[in-house]
Amino acid sequence: MRLILLGPPGAGKGTQATRLVEKHGIVQLSTGDMLRAAVAAGTPIGLQAKAVMESGGLVSDEIVIGIIRDRIQEPDAKKGFILDGFPRTVAQAEALEGLLSKEGLKLNAVIELKVDQTKLVDRIVKRAADAQAAGQPVRKDDDPEVFKTRLAAYNRDTAAVTPFYGARGQLTVIDGMLPIDAVAQAIDAVLAG
Ligand code: AMP
């Protein structure tokens, strides 16, 4: 199964992806997680990406497309994958389309988690507080001010990815403001259909 989860930061893509990974035995490919790992490891990509990530901007298409191209060819991705946080621009969506067709692969679904953006800052503040309470590291970009920049990047560059898939008849929109379980059920219904 190959699936894309779309939606602004804080929409719940990561939460749903984690559940789908367990349910379907597929891998979650989060470019954000991969970039954070590169930053932590101090790789050349990490060094390039660090400042732009901390400011809430987008890392270059070239870098993230390269990461995904390599990652989808690894053995554990053969069974299927969920893309979480990629594609974030139309150029990335076009590149993905090219990569998949070259491999003879098709997407099973593209799901947008539609949310009320005015509620997202509260969600992100909660995510940071929950992480801190659990003794986990708090993401530097889960800060209300940086979050506004991330949301602006979403509205400027990523919002256009949704119509890209809509035009291809691949898009399903789900209400991401529903409780987590209800969103999960809605996603399962799409995948079963
Ligand atoms: P995320 O964990 O998906 O919220 O991503 C965290 C940060 O990593 C984003 O704010 C961007 O700076 C960067 N990033 C992650 N995925 C991408 C992508 N597909 N294109 C560009 N930048 C990305």
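On a predicted model such as this, the values are computed, not experimentally measured, just so you know.

> How would you explain the side chain of Arg2 if you had to name every residue and give the values?
With respect to the helices, strands and loops of the structure, Arg2 is situated in strand S1 (residues 2-6). Glu103 provides the closest opposite charge to the buried, unpaired Arg2, separated from it by 9.2 Å. Of note is the side chain of Arg2, whose polar atom sits 2.8 Å from the backbone oxygen of Lys106. Once residues within four sequence positions are removed from consideration, Arg2 is found in contact with Gly80, Phe81, Leu105, Lys106, Leu107, Asn108 and Ala109.

> A description of the sheet that holds S1 should follow, citing residues and the corresponding values.
Here we have five strands laid out as an open sheet, ordered S2-S3-S1-S4-S5, and parallel in their pairing. What marks the edges here is a single partner per strand, and that holds for strand S2 (27-30) and strand S5 (171-175). For this sheet, the mean angle separating the axes of adjacent strands, direction not counted, is 25°. Taken strand by strand, helix H1 (residues 13-24) contacts S1, S2, strand S3 (81-84) and strand S4 (109-114), and its axis lies near 170° from that of S3.

> Please provide a residue-by-residue account of the packing of helix H4 (residues 61-71) against helix H5 (residues 90-103), values included.
Between H4 and H5, the least distance of the axes is 10 Å, while the angle of their chain directions is 30°. Considered as vectors, H4 and H5 are oriented roughly parallel to each other. Crossing geometry of H4 relative to H5 is assigned as right-handed. The residues of H5 that touch H4, namely those facing Asp61, Val64, Ile65, Ile68 and Arg69, are Ala91, Gln92, Ala95, Leu96 and Leu99. Looking at the contact of H4 with H5 residue by residue, the classes come out as seven nonpolar, one polar and two charged.

> Account for the pairing of S3, naming residues and giving values.
Neither face of S3 is left uncovered, since the one carrying Phe81 and Leu83 and the one carrying Ile82 and Asp84 both have all their residues buried. Bridging between S1 and S3 involves four bridges; their strand directions are parallel. Pairing of Leu5 across the sheet is with Asp84, part of S3.

> Tell me about the site of the ligand, residues and numbers included.
Within the structure, the ligand sits among 16 residues, and Thr31, Arg36, Gly57, Gly85 and Gln92 are positioned closest to it. Measuring from a nitrogen atom of the ligand, one finds a backbone N or O atom of Gly85 at 2.9 Å. With the chains in place, 96% of the 480 Å² that the ligand exposes on its own is no longer accessible. No other element matches the four residues that helix H2 (residues 31-41) contributes to the shell around the ligand. Partitioning the shell around the ligand into residue classes produces six nonpolar, five polar and five charged.

> Residue-level account of the nonpolar core, with values.
Core analysis: the largest hydrophobic core is formed by 27 residues, its most contacted members being Ile4, Leu35, Ile68, Phe81, Leu83, Leu96 and Tyr165. For this core, the secondary structure elements donating two or more residues are S1, S2, helix H3 (44-55), H4, S3, H5 and helix H8 (161-167). Counting residues per element, this core draws most heavily on H4, which supplies five residues. Ile82, Leu120, Ile174 and Leu191 belong to the second largest nonpolar core, which has 19 residues in total.

Parameters at a glance
Residues numbered from 1 in each chain as written. Predicted model: local features only at pLDDT ≥ 70, side-chain atom pairs only at ≥ 80, totals over all residues. Heavy atoms only, no water. Helix = DSSP H or I, 4+ residues; strand = E, 2+ residues; numbered from the N terminus. Buried < 20%, exposed > 50% of the residue type's maximum accessible area, 1.4 Å probe, protein only. Lys, Arg positive; Asp, Glu negative; His and termini not counted. Salt bridge = Lys/Arg side-chain N within 4 Å of Asp/Glu carboxyl O. Polar contact = N/O pair within 3.5 Å; in protein donor to acceptor, adjacent residues only side chain to side chain. Contact = heavy atoms within 4.5 Å. Pairing = 2+ DSSP bridges. Axes fitted to C-alpha atoms, helices over the stretch in contact; angles between N-to-C directions. Parallel < 35°, antiparallel > 145°, perpendicular 65-115°, else oblique. Left-handed = near helix turned anticlockwise from the far one by under 90°. Nonpolar A, V, L, I, M, F, W, Y, C, P; charged D, E, K, R; others polar. Near = heavy atom within 4 Å. Areas by Shrake-Rupley, 256 points an atom, 1.4 Å probe, with all protein chains shown as cover. Core = buried A, V, L, I, M, F, W, Y, C linked by side-chain atoms within 4.5 Å.

It is worth stressing that arrangement in space is one thing and function is another; only the former is reported here.
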